[in-house]
Amino acid sequence: MNYKSTRDSSISVTSAQAISRGISADGGLFVPASMPWLSYNDIKTLADLDYVSRAANILGRFLTDFTSNEILDCVSKAYTREKFETESIAPLYMMDPSTYMLELWHGPTCAFKDMALQLLPHLLGHSVEKCGEDKTVVILVATSGDTGKAALEGFKDVTGTKIIVFYPKQGVSPMQRLQMATQQGDNVGVFSIEGNFDAAQSGVKETFANKEINETLGKNGMMFSSANSINWGRLVPQIVYYISAYADLLKNDKVSCGEFINVVVPTGNFGNILAAYYAKKMGIPIGKLICASNANNVLTEFLRTGYYDRVRPFYTTISPSMDILISSNLERLIYDLSGCDDEKIRGYMDSLAKEGTYEVDDSIKNTLGEYFWAGCCDDEGTMQTIKDIYERNSYVSDPHTAVALNVLKQYRDKTSDTSKTIIASTASPFKFAGDVLYAIKGERNNDEAQMLEELAKLAITHPPKQISNLFNLPVRFEASCEKDKMKDVILNSLGI
Ligand SMILES: *Cc1c(COP(=O)(O)O)cnc(C)c1O
């Protein structure tokens, strides 16, 4: 299986090249040249396997230049019982016989990004080696919170890699700061940046493009790479859990073979819902893909009208990982829906860069409407849903997942579709304990440790140890730096 670029269909690279390059030189994203097909028998076979074996089976269909031993090495290092709280890795929780929560947050950082970022470092290690490189890979990350911690945990002590994370001093929650400041591992570095997320992000981008620092790294046997969500190596692990969820429904007789289900995904950069779209294309019986947004509802408008308009106010919400106005992975979807028309995609992306808008043609619009349904809700709606779901189902949901539940209710109210539905539950409520408690009880509490205990009582469970243990870990990283000192900080931290 080879990969082409969304901006140049004539490009053909192996999966190892796609993963180690991250992005195509023409600015496009790598996509598989064809989709592997799963027959009913294949799906039934997967139902009898555990998560690691399901992942190995599915990855093997996409990463055909990897040996099966290499793939097994990657997945069995990523999805271990030490790293994930549950044997099933991505369990399904039944809210009622037609509503299932796909809990993607039982990993080391309690957010769904672990599902991809536990695996990516191993895929990247093998990919770089296959491409004939023997340099140490230095990962630079700018984070607004969740991604940085998930990347640190993923790359921690992985041979042949180092990772340095920059987060905005004024932009992360106290819990997120604590998660990063106490990071363990010998190959990690964490710095706060004076400024907001954009300052951190543009600093990292400038460093990637800086010739001088790249040469210095090269002379010292190192090279930069990135772990951001446009890397194919982050998308492919996400396809696995949708297939795995259907296999679980089948195994537990919750669906009959071939029965169509819907999937709801709280969406930001469009990576998670795109993975569900790919699962559908591979033959998993998925009816509607329901895209849920918060007040930053650029995708709701796009999926309803075909008009993408990033020129709008930016809202800071209680579901911060969805506060995004440019959803990078959407490019992969419209490339596919255009019939791989690279010229058309170049035109749309050019217009997005220059005007901040583009409008897809009628044929793409019609297909969007056939596959997707989109809705959004603001913070007030999110809080109301957290409260309602707690009172009705005794289920404690984090704010991102609550956006999805709110939009699912809108969908069910507006259509007569009674299909069974999977909701991608993307974070543990304990990660956002303050807002979740406030939504349920109407009171604020400022003591982080106390909040965890209080929430645990409501949820009738223990706080995840990955979070409650943070208070006992030594703080290792407190340094902050000015954006224009980033280069020195990096070289210093690499010891060169
Ligand atoms: C990143 C994130 C999202 C958004 O996922 P995308 O793949 O960017 O659409 C939703 N919820 C949580 C908790 C996240 O961390």
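Being a predicted model, the structure only gives us computed values, none of them experimental.

(A) The arrangement of the overall build of the protein chain in detail. In terms of regular secondary structure, the protein chain is built from 22 helices and 16 strands. Taking 2.2 N^0.38 as the reference for a compact globule, 496 residues should give roughly 23 Å; the C-alpha atoms of the protein chain span a radius of gyration of 22 Å, in line with that estimate. Seen through its C-alpha atoms, the protein chain measures out along the principal axes to roughly 65 × 55 × 50 Å. In the protein chain, the proportion of contacts linking residues at least 24 apart, taken out of those at least 6 apart, comes to 74%. Counting only carbon and sulfur atoms, one obtains 47% of the accessible surface of the protein chain, whose full area is about 19600 Å². For the protein chain, the separation between the mean place of its 49 positive charges and that of its 61 negative charges on side chains is 1 Å.

(B) Geometry of helix α10 (residues 211-219). The residue sitting at the N-terminus of α10 and contributing the capping side-chain oxygen is Asn-210; that oxygen lies 3.0 Å from the backbone nitrogen of Glu-212. With its phi angle positive at about 70 degrees, Gly-221 sits one or two positions after the end of α10.

(C) Fine view of the site of the ligand. As a matter of local geometry, the ligand sits amid 15 residues, with Lys-113, Gly-268, Asn-269, Asn-272 and Thr-426 nearest to it. Asn-272 is positioned with one of its backbone polar atoms (N or O) 2.9 Å from an oxygen atom of the ligand. Contact distances for the ligand include 2.9 Å between a nitrogen atom and a side-chain N or O atom of Thr-426. Protein chains bury 96% of the 380 Å² of accessible surface belonging to the ligand in isolation. Among the residues forming the shell around the ligand, the class breakdown is five nonpolar, eight polar and two charged.

(D) Structural view of the environment of Met-222. Examined against the element boundaries, Met-222 turns out to sit in strand β9 (residues 222-225). Judged by relative accessible area, Met-222 falls into the buried class, the value being 9%. Along the primary structure Met-222 and Thr-300 are separated by 78 residues, whereas in three dimensions their C-alpha atoms are 42 Å apart. Filtering out sequence-adjacent residues up to four positions away, Met-222 remains in contact with Lys-135, Thr-136, Val-138, Lys-162, Leu-217, Leu-494 and Ile-496.

(E) Up close: the packing of aromatic side chains. Inspection of the entire model under this criterion finds 18 aromatic pairs. Between Tyr-51 and Tyr-79 the ring centres are 5.2 Å apart and the planes differ by 85 degrees, which places this aromatic pair in the edge-to-face class. With Tyr-51 in helix α3 (residues 51-62) and Tyr-79 in the loop between α4 (68-78) and β4 (92-96), this pair connects stretches of sequence that are 28 residues apart. There is no split in this pair, since Tyr-51 and Tyr-79 are both buried. The ring of Phe-66 carries Lys-130 above its face, with NZ or CZ at 5.2 Å from the centroid. Cation over ring: Arg-444 sits above Tyr-438, and NZ or CZ is 4.2 Å from the ring centre.

(F) Just the sheet that holds strand β10 (residues 261-266), in detail. Spatially, β4-β5-β15-β10-β11-β14 is the arrangement adopted by the six strands of the open sheet, whose pairing is mixed. Strand pairing shows two members of the sheet lacking a second neighbour, β4 and β14 (372-376), which therefore form its edges. Here the average twist between neighbouring strands, direction ignored, is 25 degrees. Where β10 lies against strand β11 (residues 286-293), five bridges are found, and the strand directions are parallel.

(G) Representation of the pairing of β4 within the structure. Pairing of β4 with strand β5 (residues 99-103) involves four bridges; the strand directions are antiparallel. Opposite Leu-92, over in β5, you have Leu-102 as the bridge partner. If you look at the hairpin formed by β4 and β5, you'll find two residues sitting between the two strands.

Conventions and cut-offs
Residues numbered from 1 in each chain as written. Predicted model: local features only at pLDDT ≥ 70, side-chain atom pairs only at ≥ 80, totals over all residues. Heavy atoms only, no water. Helix = DSSP H or I, 4+ residues; strand = E, 2+ residues; numbered from the N terminus. Rg over C-alpha atoms; globule rule 2.2 N^0.38 Å. Contact = heavy atoms within 4.5 Å. Areas by Shrake-Rupley, 256 points an atom, 1.4 Å probe, with all protein chains shown as cover. Lys, Arg positive; Asp, Glu negative; His and termini not counted. Charge placed at Lys NZ, Arg CZ, Asp CG, Glu CD. Polar contact = N/O pair within 3.5 Å; in protein donor to acceptor, adjacent residues only side chain to side chain. Near = heavy atom within 4 Å. Nonpolar A, V, L, I, M, F, W, Y, C, P; charged D, E, K, R; others polar. Buried < 20%, exposed > 50% of the residue type's maximum accessible area, 1.4 Å probe, protein only. Phe/Tyr/Trp six-rings, centres within 6.5 Å; stacked < 30°, edge-to-face > 60°. Lys NZ or Arg CZ within 6 Å of the ring centre and 35° of its normal. Pairing = 2+ DSSP bridges. Axes fitted to C-alpha atoms, helices over the stretch in contact; angles between N-to-C directions.

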